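# Examining the three-dimensional arrangement
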Amino acid sequence: MRIIGGKYKRRRFDVPKSFNARPTTDFAKENLFNVLQYYIDFEDATALDLFSGTGSISAELISRGCSRVIALEQRREHALFIRSIARELKEEGRLQVLQSDVFRYLQTSKGGRPQFDFIFADPPYKLKEIATLPQMILSSGLLKSDGVVVVEHPSTYDFSELPHFAEHREYGSVNFSIFTLAEDEEEGEAEE
């Protein structure tokens, strides 16, 4: 696993062979972050990485300057690996790992949990809840009013009709749907 941009660019971490995870490919990750630079400034942003797996996206977010990243991963072995990345980078203060179920976290988020500028979700592709995941995230109250959500998903899903959908990007077999709560600039201009 490799960090592709920011402060820790080119740092590599050996993912244990026992892991049952599908990390976002470097090609897809690089292209996604190239697109995201038009949506969000990661410097000092806060981020939530759901279904963190190997922690690839969390490490990328820390490298690009996020002030705080919460990595949510249910599997103990994976959570421990992400913590080891935080220790190796000496970023335990900015990269917090929670070993928890994503759906329980989303359901109990209202009232009291911090809000985030950016939320990334890379669920297992066989997960039956993928169809409802974007709406669950958007209605959880975890996203700031100008925040951005990215859901990685198989090509069998089309979220373009959902509220707050911004765009879809496909890189090989990796698909990203991007959602934003940012106010529509055209509406703001029409009101002036």
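Residues numbered from 1 in each chain as written. Predicted model: local features only at pLDDT ≥ 70, side-chain atom pairs only at ≥ 80, totals over all residues. Heavy atoms only, no water.

## Here's the deal with helix α1 (residues 26-36)
Since the α-helix advances by 3.6 residues per turn, residues separated by three or four positions end up pointing in the same direction. Turning to α1, its buried residues number three or more, namely Ala28, Lys29, Leu32, Phe33, Val35 and Leu36. Down the axis of α1, the smallest arc covering the buried residues is 155 degrees, so these residues share one side. (Buried < 20%, exposed > 50% of the residue type's maximum accessible area, 1.4 Å probe, protein only. Helix = DSSP H or I, 4+ residues; strand = E, 2+ residues; numbered from the N terminus. Arc of directions from axis to C-beta.)

## Observations concerning the environment of Tyr39
Its place among the elements puts Tyr39 in the loop between α1 and β1 (46-50). With 108 residues separating them in the primary sequence, Tyr39 and Gly147 have C-alpha atoms 8.7 Å apart. Excluding residues that lie within four positions of it along the chain, Tyr39 makes contacts with Val148, Ala166, Glu167 and Ile178. Here the side chain of Tyr39 touches Glu167 through a polar contact of 2.4 Å, side chain to side chain. (Contact = heavy atoms within 4.5 Å. Polar contact = N/O pair within 3.5 Å; in protein donor to acceptor, adjacent residues only side chain to side chain.)

## Here's the deal with the sheet that holds strand β2 (residues 68-72)
Two modes of strand pairing occur in sheets, parallel and antiparallel, and in both the strands are linked by backbone hydrogen bonds. In space, the 7 strands of this open sheet follow the order β3-β2-β1-β4-β5-β7-β6, with mixed pairing throughout. Across the chains shown, the open sheet's two edge strands, defined by having one partner strand only, are β3 (95-98) and β6 (165-171). This sheet shows a mean twist of 15 degrees between the axes of neighbouring strands, independent of strand direction. Two strands pair when backbone bridges link them, and strand β5 (residues 143-153) and strand β7 (residues 174-180) are joined in this way by 6 bridges, in the antiparallel orientation. Note on β7: the bridge partner recorded for Val148 is Thr180. Running over the sheet, α1 touches β4 (116-121), β5, β6 and β7 and is turned about 150 degrees from β6. On the sheet, helix α2 (residues 56-63) packs against β1, β2, β3 and β4 and is oriented at approximately 180 degrees with respect to β2. (Pairing = 2+ DSSP bridges. Axes fitted to C-alpha atoms, helices over the stretch in contact; angles between N-to-C directions.)

## Section: the pairing of β3
Only one face of β3 is covered, namely the one carrying Leu95 and Val97; the face carrying Gln96 and Leu98 has none of its residues buried. In this fold, the crossover linking β2 to β3 by way of helix α3 (residues 76-88) has right-handed handedness. (Right-handed = clockwise from strand over helix to strand, strands pointing away.)

## Digging into the nonpolar core
Grouped together as the largest cluster of nonpolar side chains are 36 residues, with contacts concentrated most on Leu36, Phe42, Leu61, Phe118, Val150 and Phe176. Elements supplying a minimum of two residues to this core: α1, α2, β2, α3, β3, β4, β5 and β7. Non-local contacts of Phe118, meaning those with residues more than four positions away in its chain, are made with Leu36, Ile40, Phe42, Thr46, Ala47, Leu48, Leu61, Leu143, Val148 and Val150. (Core = buried A, V, L, I, M, F, W, Y, C linked by side-chain atoms within 4.5 Å.)

## Some remarks on the side chain of Asp117
Counting through the fold element by element, Asp117 comes out in strand β4. A polar contact is formed between the side chain of Asp117 and the backbone nitrogen of Thr46, at a distance of 2.8 Å.

## Points about the pattern of salt bridges
The final tally for this structure, using the stated rule, is 8 salt bridges. The residue Arg64 makes a salt bridge to Glu60 at a minimum N-O spacing of 2.9 Å. Judged by relative accessible area, Arg64 falls into the partly exposed class, the value being 23%. Here Lys144 makes a salt bridge to Asp117, at a shortest N to O gap of 3.5 Å. In this pair, Lys144 is assigned in strand β5 and Asp117 in strand β4, connecting sequence segments 27 residues apart. A relative accessible area of 28% places Lys144 in the partly exposed class. Residues joined in a network through salt bridges with shared partners are Lys7, Glu91 and Arg94. (Salt bridge = Lys/Arg side-chain N within 4 Å of Asp/Glu carboxyl O.)

## Overview of the confidence of the model for the protein chain
In the predicted model, the protein chain carries a mean pLDDT of 90, and the fraction of residues at 70 or more is 92%. Of all secondary-structure elements in the protein chain, the lowest mean pLDDT belongs to helix α6 (residues 185-191), at 39, while β1 reaches the highest, 98. In the predicted structure, residues 184-192 sits below a pLDDT of 50 and forms 0 contacts with residues beyond four places in sequence or in another chain. (pLDDT = per-residue confidence, 0-100.)

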